[in-house]
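# Structural overview for review
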Amino acid sequence: MTGQRAGRQPERVDLETPASAAARRAQQLAALVNGHPERVEAALPELAALLRSTWDDGDDDALADVVAALGLAHEPRAAELLLPLARAGHPDPEVRCTVARALAGGVDVEPLRTEVVAALVPMTADPVDDVRDWACFALGLDEADDPASRDALAARLDDPHEDTRDEALRALAATGDDRALAAAVVVLSRPGPIGLLHLEAAAELAHPALVAPLEVLARAWVHAPDAFSEAADVALRRCRPQSAVAAAAVEEQLRRVAADARRRGVPHGELRGSWPRTRVVDVDASGRPLPHQVPLRLWSHDDDPALAVLPQLVGTFVLRGSP
């Protein structure tokens, strides 16, 4: 122990408090489950007990560690454990921020995803910048597309915190909301720095109104290839009308494969909507949607439909898991 006088050593006294023990154990469990889904099952009961005890004891530091560990589990049952804390609106900003981070992902079943999204929406208006930032990021990661989520994200498009603004734009753009399109036109046309999230938002929107400002950026960056110029190129190709034509052709072929599977009574995926927000819903042999599923995105934000490989899309989405 630093600062201790030389000479006779005092008897050992355990100065560890229950709260510090809880925090340390939560950190150990976080390391245990991080990247190891096979360990989550065994760790969840202890994490649930730690969550209850640290919340009841008012040990905010340990509670934040427990929440972080549950987030690293990346598992629906972990999100279920966190929902009461998310809804309660904890007074400690670090706990609220950690909750927002922990809820960002791993929620791939219904109705849990809808419940998580509903809990995140109020957090986008939190007085603390980082909480708003992570809540907007989480809504984007969970592909929130309900009216309340879109309104909450739109309200953050002029947030004083830059990261929050950018995450809100990216998340709202993925829904195709006109408010995101208007904001993206302004951001991409104005003088000043352009971020990767701005370019990803443009790629998500895939709208011809963004072609002109993206062409300006592409010309300015043509001699300096980097992640930004590559992202601008992807966004520009997706925004050009040719991409919509190519996507429609690909989706027509996928629908034919799905129709054939339906005639044969084979479980398959059915397409809903159209480029760039086409979703795939898994159905059973009789054509009924499987329960509790979250529809899959056919096109991610960096996909170019002109480069689509049809057999790969068929195997990944339409005939996924079919014999």
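Residues numbered from 1 in each chain as written. Predicted model: local features only at pLDDT ≥ 70, side-chain atom pairs only at ≥ 80, totals over all residues. Heavy atoms only, no water.

### A few points about the packing of helix α2 (residues 40-57) against helix α4 (residues 76-88)
α4 packs onto α2 with a crossing angle of 15° between their chain directions and a minimal axis gap of 10 Å. As judged from the angle between their axes, α2 and α4 are roughly parallel. The chirality of how α2 crosses α4 is left-handed. Residues Glu41, Leu44, Ala48, Leu51 and Trp55 of α2 pack against Arg77, Ala78, Leu81, Leu82, Pro84, Leu85 and Ala88 of α4. Residue composition of the contact of α2 with α4, grouped by class: 10 nonpolar, no polar and two charged. (Axes fitted to C-alpha atoms, helices over the stretch in contact; angles between N-to-C directions. Helix = DSSP H or I, 4+ residues; strand = E, 2+ residues; numbered from the N terminus. Parallel < 35°, antiparallel > 145°, perpendicular 65-115°, else oblique. Left-handed = near helix turned anticlockwise from the far one by under 90°. Contact = heavy atoms within 4.5 Å. Nonpolar A, V, L, I, M, F, W, Y, C, P; charged D, E, K, R; others polar.)

### A word on the state of the cysteines
Inspection of every chain in the model, using the stated rule, returns zero disulfides. Counting only cysteine sulfurs, Cys136 is the nearest neighbor of Cys97, a cysteine outside any disulfide, at a range of 12 Å. (Disulfide = S-S within 2.5 Å.)

### Some details on the packing of aromatic side chains
This model, assessed by the stated rule, comprises three aromatic pairs. Plain terms: the ring middles of Trp221 and Phe228 are 6.5 Å apart, the flat faces sit at 75° to each other, and that makes the pair edge-to-face. Assessed through its relative accessible area of 22%, Trp221 is described here as partly exposed. Taking the relative accessible area as the measure of exposure, Phe228 reaches 32% and is therefore partly exposed. Taking 5.6 Å as the distance between ring centres and 80° as the angle between the ring planes, the aromatic pair formed by Trp275 and Trp299 counts as edge-to-face. Of the two residues, Trp275 is situated in the loop between β1 (268-272) and β2 (279-283) and Trp299 in the loop between β3 (296-297) and α15 (310-318); the sequence distance between them amounts to 24 residues. Of the two residues, Trp275 and Trp299, both sit in the buried class. The ring of Trp134 carries Arg101 above its face, with NZ or CZ at 5.6 Å from the centroid. (Phe/Tyr/Trp six-rings, centres within 6.5 Å; stacked < 30°, edge-to-face > 60°. Buried < 20%, exposed > 50% of the residue type's maximum accessible area, 1.4 Å probe, protein only. Lys NZ or Arg CZ within 6 Å of the ring centre and 35° of its normal.)

### Observations regarding unusual backbone geometry
Between Glu110 and the following residue, Pro111, the backbone shows a cis peptide bond with an omega angle of 5°. By the secondary structure assignment, Pro111 is in the loop between α5 (93-102) and α6 (112-120). Cis geometry marks the peptide bond from Trp275 to Pro276, where omega comes out at 0°. Looking at the element boundaries, Pro276 is found in the loop between β1 and β2. Here the phi dihedral of Ala206 falls at roughly 45°; this positive angle occurs in a residue that is not glycine. Relative to the helices and strands, Ala206 is located in the loop between α11 (196-205) and α12 (211-221).

### Comments concerning the environment of Val187
By the element assignment, Val187 lies in helix α10 (residues 178-189). Taking the C-alpha atoms as reference, Val187 lies 28 Å from Arg279; in sequence the two are 92 residues apart. In this structure Val187 touches Leu169, Ile194 and His198, once residues within four positions along its chain are discounted.

### Looking at the sheet that holds β1
As summarised here, the arrangement of the three strands in space is β1-β2-β3, forming an open sheet in which the pairing is antiparallel. Every other strand in the sheet has two partners, leaving β1 and β3 as the edge strands with one partner each. Strand direction decides the pairing type here: β2 and β3, joined by two bridges, are antiparallel. Across the sheet, the residue bridging to Val280 is Leu296, located in β3. (Pairing = 2+ DSSP bridges.)

### What to know about the nonpolar core
Ranked by internal contacts, the top residues of the largest apolar core, which has 76 residues, are Leu210 and Leu214. In terms of residues, this core owes the most to one element, helix α3 (residues 60-73), which gives eight residues. Ignoring any residue separated from it by four or fewer positions in sequence, one finds Leu214 in contact with Leu188, Leu199, Ala202, Ala232, Ala235, Leu236 and Cys239. (Core = buried A, V, L, I, M, F, W, Y, C linked by side-chain atoms within 4.5 Å.)

### Considering α3
The terminal C-alpha atoms of α3, which comprises 14 residues, lie 20 Å apart, in line with the 20 Å expected from a rise of 1.5 Å per residue. All buried positions along α3 are accounted for by Ala62, Leu63, Ala64, Val66, Val67, Ala69, Leu70, Gly71 and Ala73. Once α3 ends, the next one or two residues include His74, with phi positive near 50°. (Expected span 1.5 Å × (residues − 1).)

### Focus: empty space enclosed by the protein
By rolling a water-sized probe across the atoms, one finds the places where empty space is left. If you walk through the whole model with that rule in mind, you get two cavities of 30 Å³ or more. Gly140, Glu143, Ala144, Asp145, Ala171, Ala174, Thr175, Arg279 and Arg297 together form the lining of the largest cavity. Tallied by class, residues from the lining of the largest cavity come to three nonpolar, two polar and four charged. As for the second largest cavity, its lining consists of Leu70, Gly71, His74, Glu75, Ala78, Ala79, Leu82, Ala102, Leu103, Gly105 and Val107. At the level of secondary structure, the elements contributing two or more residues to the lining of the second largest cavity comprise α3 and α4. Per-element tally for the lining of the second largest cavity: the top contributor is α4, with three residues. The residue inventory of the lining of the second largest cavity, partitioned by class, reads seven nonpolar, three polar and one charged. (1 Å grid on protein atoms, 1.4 Å probe; cavity = no way out; pocket = protein on both sides within 12 Å on 5 of 7 lines; lining within 4 Å. Points joined across faces, edges and corners; volume = space filled by probe spheres on them.)

### Looking at the confidence of the model for the protein chain
Predicted confidence across the protein chain gives a mean pLDDT of 91, with 93% of residues reaching 70 or more. Contacts of residues 1-19 to residues separated by more than four positions or lying in other chains number six contacts, the stretch itself having pLDDT below 50. (pLDDT = per-residue confidence, 0-100.)

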